[in-house]
Amino acid sequence: MQFSDNRDLTHRPDATGFRKAAARFTTGVTVVGAINEDGRPIGMTANSFVTVSLTPPIVLISLKHGRTLSAVEASGRYCVSVLGAASLDASWHFSGKQVAGNPPALHNESDFAVLPGALAVFACDVLRSVEVADHRLLIGQVRWCRHEEGEPLAFFGSEFCSGPGTPIRNLAY
Ligand SMILES: Cc1cc2nc3c(=O)[nH]c(=O)nc-3n(C[C@H](O)[C@H](O)[C@H](O)COP(=O)(O)O)c2cc1C
C-alpha cells in the first residue's frame, strides 16, 4: 500500500528489531488470573496491562491464545494482580518457567484469581474482546480494586528490575 506522499506501508520492522524497540518501554509486571472450568485459579504473567479510563474504571490486557485466555473467555472475568519486587518468583512461574521450592499459587477470592501479596488487584468483568493476530484484547470493567504499599517490579530491556527508580518530578494530584 502506498500513500500519496510516498510512505510505504508495506515496510515492516524485523521481529528482533521490533522486540528490542518494544523492550525500551518500561512496564510493570502483572499476573492475569481466571477461574477455570474445574473451579481452579490459573494465570499467566502479562505486562500488556493498560488503564483505559478512570471514570468509569476500565482496563485492557492483551492475551495470546492459551489456557488462561480460555478461562477468561469462559468465565467472562479476569483479575489483574500487580506484582511487587518480592513477587519475582511469581512472574517467573506464571510465564511458564521453573522456580525452586513451592511454586506461587493464586487464590480464589469470590470467583477472581488473586495473587497474595500483590501491590494492587483489579477484579474485572469482560466488557468487550477484540481479536488481533494471535492475541485478544480484553477490555475489562473494574468491579473492585485495592492496593498496598511496596517496592514495584518493573520490566525493561527484557530484564526484571526492582525498585521505583529515581524520582525526578512529582505529578501532584
Ligand atoms: C514479563 C512478561 C510479560 C508477558 N506479557 C504477556 C502479555 O501481556 N500477554 C501474553 O499473551 N503473554 C505474555 N507473556 C507470556 C506469558 O506469560 C506466557 O506465554 C505464559 O506461559 C502463557 O500462559 P498460558 O499457558 O496460561 O496461556 C509475558 C511473559 C513475561 C515474562
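Up top is the structure.
Rules and cut-offs
- Residues numbered from 1 in each chain as written.
- Predicted model: local features only at pLDDT ≥ 70, side-chain atom pairs only at ≥ 80, totals over all residues.
- Heavy atoms only, no water.
- Near = heavy atom within 4 Å.
- Polar contact = N/O pair within 3.5 Å; in protein donor to acceptor, adjacent residues only side chain to side chain.
- Areas by Shrake-Rupley, 256 points an atom, 1.4 Å probe, with all protein chains shown as cover.
- Helix = DSSP H or I, 4+ residues; strand = E, 2+ residues; numbered from the N terminus.
- Nonpolar A, V, L, I, M, F, W, Y, C, P; charged D, E, K, R; others polar.
- Phe/Tyr/Trp six-rings, centres within 6.5 Å; stacked < 30°, edge-to-face > 60°.
- Buried < 20%, exposed > 50% of the residue type's maximum accessible area, 1.4 Å probe, protein only.
- Lys NZ or Arg CZ within 6 Å of the ring centre and 35° of its normal.
- Pairing = 2+ DSSP bridges.
- Arc of directions from axis to C-beta.
- Contact = heavy atoms within 4.5 Å.

> Provide a residue-level description of the site of the ligand, including the pertinent values.
Contacts to the ligand come from 17 residues, most closely from T45, S48, S62, K64 and T68. Between the ligand and the protein, one listed contact pairs an oxygen atom with a side-chain N or O atom of S48 at 2.7 Å. Within the side chain of T68, one N or O atom sits 2.6 Å away from an oxygen atom of the ligand. About the coverage of the ligand: the protein hides 80% of its 650 Å² of free accessible area. Of all the elements in the fold, those that place two or more residues in the shell around the ligand are β3 (41-46), β5 (58-64) and α2 (67-75). For the shell around the ligand, the class distribution of residues is 6 nonpolar, 9 polar and 2 charged.

> Could you give an account of the packing of aromatic side chains, with specific residues and numbers?
One pass over the structure, following the stated rule, counts 4 aromatic pairs. With a centroid separation of 6.0 Å and 85° between ring planes, the pair formed by F112 and W144 is classed as edge-to-face. With a gap of 32 residues between them, F112 in strand β8 (residues 112-114) and W144 in strand β10 (residues 135-147) connect regions that are remote in the sequence. Look at F155 and F160: their rings are 5.0 Å apart centre to centre, the planes differ by 50°, and that puts the pair in the tilted class. F155 sits in the partly exposed class, given a relative accessible area of 24%. Here the aromatic residues W92, F155 and F160 are joined through ring pairs into a cluster of three or more. We note K97 situated over the ring of W92; from NZ or CZ to the ring centre the distance is 5.4 Å.

> Run through the pairing of β5, naming residues and quoting values.
The element β5 is extensively covered by neighbouring structure, given that 5 of its 7 residues are classed as buried. The antiparallel hairpin formed by strand β4 (residues 50-53) and β5 contains 4 residues in its connecting segment. Where β5 meets β10, 7 bridges bridge the pair, whose relative direction is antiparallel. In the strand pairing of β10, V59 is matched with G140.

> Before we move on, can you summarise α2 with the specific residues and values?
Among the residues making up α2, those that are buried are T68, L69, A71 and V72. The arc that holds the buried residues of α2, viewed along the axis, is 160°, so those residues lie on one side. The exposed residues of α2 that point more than 90 degrees off its buried face are R67 and A74. Buried-residue contacts for α2 involve β2 (30-35), β3, β5, β6 (77-82), β9 (120-132) and β10. Following α2 by one or two positions, G76 adopts a phi angle in the positive range, close to 75°.

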